[in-house]
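# Coordinates in review
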Protein chains: 2
Amino acid sequence: MFRHIVLFTWVAEATEEQKARVTEGLHGLPAVIPEIRRYEFGADAGMAPGNHEFALVADFDSEEDYLVYRDHPVHQAVIADAIRPIMAGRASVQYKV
Amino acid sequence: MFRHIVLFTWVAEATEEQKARVTEGLHGLPAVIPEIRRYEFGADAGMAPGNHEFALVADFDSEEDYLVYRDHPVHQAVIADAIRPIMAGRASVQYKV
């Protein structure tokens, strides 16, 4: 299995509505990108100061399937329309599981 | 389910032996901390510049079980002895799945 992880921080001005748009956008992706095997995202629980604010873990059968997801136009639209406007920081890893 | 994610970057001087010590230390934790439900870690695949270098995803039945793990002395020993000496950066999120 091949896993993609991305953690985000948001700009201070990000509204709850804007954050909800990220969640809604991501929600739609497994239905249009069948290469996604598992897709689990959510807001940080707020237990540790200094944490990032949002996490996404996406599992694929292979690195090639991850690339299909990464470059998929609907995914790219969620990034451009919902994520990028409120993104302050980003940390990411892809690894074999 | 409750998930803990942590991504690390290492100092430039970190040796392969030191990085292997992190992997070995983490490998031993599920056997001594039964609260761990899933535990999957590994080095970044090197596909994207700017990525963190190492990822760990740990799943628990509850936030309480995560806290048992977080504070477990064997886990704390891996952090102190293997991770902290070579850690340059850290990004983390805990979230409900």
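Not measured: the values here are computed from a predicted model.

### Some details on the relation of the copies chain A and chain B
Relative to chain B, chain A is turned by 180° and slid 0.0 Å along the rotation axis, the superposed coordinates differing by an RMSD of 0.0 Å. Expressed as an axis order, the relation between the two copies is that of a two-fold axis. In terms of C-alpha distance to the rotation axis, chain A has A:Ala91 as its closest residue, with the C-alpha 3.4 Å off the axis. The overlap is high: 100% of the interface residues of chain A also sit at the interface in chain B, so the same surface is used on both sides.

### Looking at the interface of chain A and chain B
For interface size, the figure often reported is the accessible area lost on association. At the junction of the two partners, chain A supplies 29 residues and chain B supplies 29 residues. When the shortest N-O distance is used, the salt bridge between B:Arg3 and A:Glu40 registers 2.8 Å. Where chain A meets chain B, there are twelve residue pairs in polar contact (both at pLDDT 80 or more). Elements represented by at least two residues in the side of chain A that touches chain B include exactly β1 (2–10), β2 (38–43), β3 (54–60), α3 (63–71) and β4 (87–96) of chain A. Residue classes in the side of chain A that touches chain B are distributed as 18 nonpolar, five polar and six charged.

### As for the sheet that holds strand β2 (residues 38–43) of chain B
Residue and element names in this part refer to chain B. Here four strands make up an open sheet; going across it, the order is β2-β3-β1-β4 and the pairing antiparallel. Each of the sheet's edge strands pairs with one partner strand only, and the pair in question is β2 and β4 (87–96). Looking at each pair of strands side by side, their axes are set apart by 10° on average, direction ignored. Of the pairings in the sheet, the one linking strand β1 (residues 2–10) to strand β3 (residues 54–60) comprises seven bridges and is antiparallel in character. Note on β3: the bridge partner recorded for His4 is Ala58.

### Comments concerning the packing of helix α1 (residues 16–27) of chain B against helix α4 (residues 73–83) of chain B
Residue and element names in this part refer to chain B. At a minimum axis distance of 9 Å, the contact between α1 and α4 shows a crossing angle of 170°. One element, α1, and the other, α4, form an angle in the roughly antiparallel class. Taken together, the residues of α4 that come into contact with α1 (itself represented by Arg21, Val22, Gly25 and Leu26) are Val78, Ala82 and Ile83.

### What to know about the packing of aromatic side chains
Two aromatic rings, taken as a pair, are described by how far apart their centres are and by the angle between their planes. For the structure on display, the rule yields 18 aromatic pairs over all chains. Between B:Trp10 and B:Phe54, the aromatic rings sit 5.9 Å apart at their centres with planes inclined by 50°, giving tilted as the arrangement. Separated by 44 residues along the polypeptide, B:Trp10 in strand β1 and B:Phe54 in strand β3 bring together distant segments of the chain. Side by side, B:Trp10 and B:Phe54 carry an identical accessibility label, which is buried. Through pairs of rings, three or more aromatic residues link up here, namely A:Phe2, A:Phe8, A:Trp10, A:Tyr39, A:Phe41, A:Phe54, A:Phe60, A:Tyr66 and A:Tyr69.

Calculation notes
- Residues numbered from 1 in each chain as written.
- Chains lettered and ligands numbered in written order.
- Predicted model: local features only at pLDDT ≥ 70, side-chain atom pairs only at ≥ 80, totals over all residues.
- Heavy atoms only, no water.
- Least-squares fit on C-alpha atoms with pLDDT ≥ 70 in both.
- Contact = heavy atoms within 4.5 Å.
- Salt bridge = Lys/Arg side-chain N within 4 Å of Asp/Glu carboxyl O.
- Polar contact = N/O pair within 3.5 Å; in protein donor to acceptor, adjacent residues only side chain to side chain.
- Helix = DSSP H or I, 4+ residues; strand = E, 2+ residues; numbered from the N terminus.
- Nonpolar A, V, L, I, M, F, W, Y, C, P; charged D, E, K, R; others polar.
- Pairing = 2+ DSSP bridges.
- Axes fitted to C-alpha atoms, helices over the stretch in contact; angles between N-to-C directions.
- Parallel < 35°, antiparallel > 145°, perpendicular 65-115°, else oblique.
- Phe/Tyr/Trp six-rings, centres within 6.5 Å; stacked < 30°, edge-to-face > 60°.
- Buried < 20%, exposed > 50% of the residue type's maximum accessible area, 1.4 Å probe, protein only.

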